[in-house]
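Residue strings, one per chain:
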Amino acid sequence: MCLFFVLLRGESKYNFFMNKFLVLLCLLVLAFHFSPAAGVDRWKQHCADVAADSSLFIKKLSLSQNRLSFNNHGGLLNGGVCWWHSRLTRAVQYLAVFEPSLPKVTSKEAYDLVLRLREGRPVTINGYRDLQDFSIDHQDVIQENLEAWQISNGGFGLGFLDGLAGSTSVAANELKTLMDDTYNRLVTFRKPIYQVLQLPGITAHGWLVIGIQTTSTGYNFSVVDSNYRDLQTWSYTNGSTEFHYGSYPFVSYTTNRGLKEEALLTKRLNEACLSLQTKGRLVDSHLTIDEELDLLMNPPAK
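From a predicted model like this one, the values you see are computed outputs, not experimental measurements.

Peer 1: Quick question: what am I supposed to make of the side chain of histidine 138 here?
Peer 2: For histidine 138, the position within the fold is in the loop between α6 (131-137) and α7 (139-152). Residue histidine 138 is classed as buried on the basis of its relative accessible area of 6%. At a separation of 3.0 Å, a polar atom in the side chain of histidine 138 contacts the side chain of tyrosine 128. With sequence-adjacent residues up to four places away left out, histidine 138 is seen in contact with Val105, Thr106, Ser107, Ala110 and Tyr128.

Here it is in structure tokens:
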């Protein structure tokens with residue numbers, strides 16, 4: 001980057017034109033440094049990385065710098081925004097790149113970028129290395145977005161309603177089927193799995209499963225839980241009928257909507273990479289991801 005230039009003294013035409021040349025050269029260097037090309041290059045690299053490693057997203061989520069810097073809090077009745085905290089964290093892995101060499105985005109720009117991610121649209125976040133770095137500076141507008149997202153999904157939201165389809169305790173063979181399905185999905189598709197945890201009463205929580213290993217008695221699985229900054233490890237033992245979150249029993253369910261959302265994130269990422277390759281720029285879907293999910297979950301009658 002051009003930090004300074006030296007003006008040549010004297011009034012000769014040579015010095016006059018050299019001064020103009022040096023000024024122009026500096027401006028060209030600055031223009032190149034602050035041009036959108038840097039963000040395009042980051043996107044090209046992101047597309048290449050995804051193509052080369054199908055497990056990239058779960059690997060990224062295992063690192064704290066690729067997760068939000070703050071825990072789940074706030075929301076309606078101060079009941080938290082865990083579903084949207086988890087959804088945003090996952091969406092960033094697919095649809096965001098970070099360009100630390102450019103000036104930091106403003107608070108307004110940060111809000112708009114998070115809004116685009118809520119909508120399932122690709123973004124370049126300037127001035128930051130990663131999601132943790134970005135969310136330290138812009139926790140307030142991220143939280144504002146999460147709470148607005150919660151309301152836009154109908155208050156306690158579709159993840160909540162999805163969670164109420166289950167129970168806090170099931171037969172041992174049913175829980176084993178649920179856990180076997182989680183294991184098979186993760187080792188087959190190697191993508192983070194969004195789950196809803198049915199807790200007692202009308203309470204449901206959400207998390208992302210990013211790792212699972214077999215044991216002699218069942219499974220150990222790793223989750224990104226928005227109530228904690230560090231990864232959490234849970235154990236399932238064959239014959240169990242429930243888990244416990246503190247003193248509360250629960251069962252975790254891989255929801256149909258969560259699976260469809262992951263498929264749409266993958267689709268939108270592929271479309272962005274194809275557009276970058278063929279048109280030299282990113283394109284947006286006409287629908288937000290929630291609008292498209294609503295159509296998939298409740299297709300219009302023919």
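Peer 1: I would appreciate a short explanation of the confidence of the model for the chain in the present structure.
Peer 2: Low-confidence regions, as indicated by low pLDDT, have predicted coordinates that should not be scrutinised in detail. Per-residue confidence for the chain gives a mean pLDDT of 88, with 83% of residues at or over 70. Contacts for the low-pLDDT stretch residues 1-9, under 50 throughout, to residues beyond four places or in other chains number 16 contacts. Throughout residues 25-36 the model reports pLDDT below 50, and contacts reaching past four residues in sequence, or to other chains, amount to 13 contacts.

Peer 1: So what exactly am I meant to see when it comes to unusual backbone geometry here?
Peer 2: Trans peptide bonds make up most of the peptide bonds, and negative phi angles are found at most residues other than glycine. The phi dihedral of asparagine 78 falls on the positive side, at around 55°, and the residue is not glycine. Relative to the elements of secondary structure, asparagine 78 occurs in the loop between α3 (56-61) and α4 (82-95). Given the relative accessible area of 63%, asparagine 78 is considered exposed. The phi dihedral of arginine 190 is positive, around 55°, even though this residue is not glycine. By secondary structure assignment, the location of arginine 190 is in the loop between α9 (172-189) and β3 (193-198).

Peer 1: What is the right way to look at the state of the cysteines in this model?
Peer 2: Such a bond, covalent and formed between the sulfur atoms of two cysteines, is termed a disulfide. If you walk through the whole model with that rule in mind, you get one disulfide. The residue that forms a disulfide with cysteine 47 is cysteine 273, at a sulfur-sulfur distance of 2.0 Å. One quick way to see it: the torsion about the S-S bond of cysteine 47 and cysteine 273 is about -90°, and its sign makes the bridge left-handed. On the criterion of sequence distance, the pair formed by cysteine 47 in helix α2 (residues 37-52) and cysteine 273 in helix α10 (residues 256-279) is long-range, its members being 226 residues apart. The class of cysteine 47 is buried, set by a relative accessible area of 14%.

Peer 1: How should the sheet that holds strand β8 (residues 248-254) be read in this particular structure?
Peer 2: In sheet architecture, strand pairing relies on hydrogen bonds along the backbone and comes in two forms, parallel and antiparallel. Within the open sheet, the six strands sit side by side as β6-β5-β4-β3-β8-β7. Their pairing is antiparallel. Looking at which strands have only one partner, the edges of the open sheet turn out to be β6 (232-237) and β7 (243-245). Here the average twist between neighbouring strands, direction ignored, is 45°. Here β7 runs beside β8; their pairing, made up of three bridges, is antiparallel.

Criteria and cut-off values
- Residues numbered from 1 in each chain as written.
- Predicted model: local features only at pLDDT ≥ 70, side-chain atom pairs only at ≥ 80, totals over all residues.
- Heavy atoms only, no water.
- Helix = DSSP H or I, 4+ residues; strand = E, 2+ residues; numbered from the N terminus.
- Buried < 20%, exposed > 50% of the residue type's maximum accessible area, 1.4 Å probe, protein only.
- Polar contact = N/O pair within 3.5 Å; in protein donor to acceptor, adjacent residues only side chain to side chain.
- Contact = heavy atoms within 4.5 Å.
- pLDDT = per-residue confidence, 0-100.
- Disulfide = S-S within 2.5 Å.
- Pairing = 2+ DSSP bridges.
- Axes fitted to C-alpha atoms, helices over the stretch in contact; angles between N-to-C directions.

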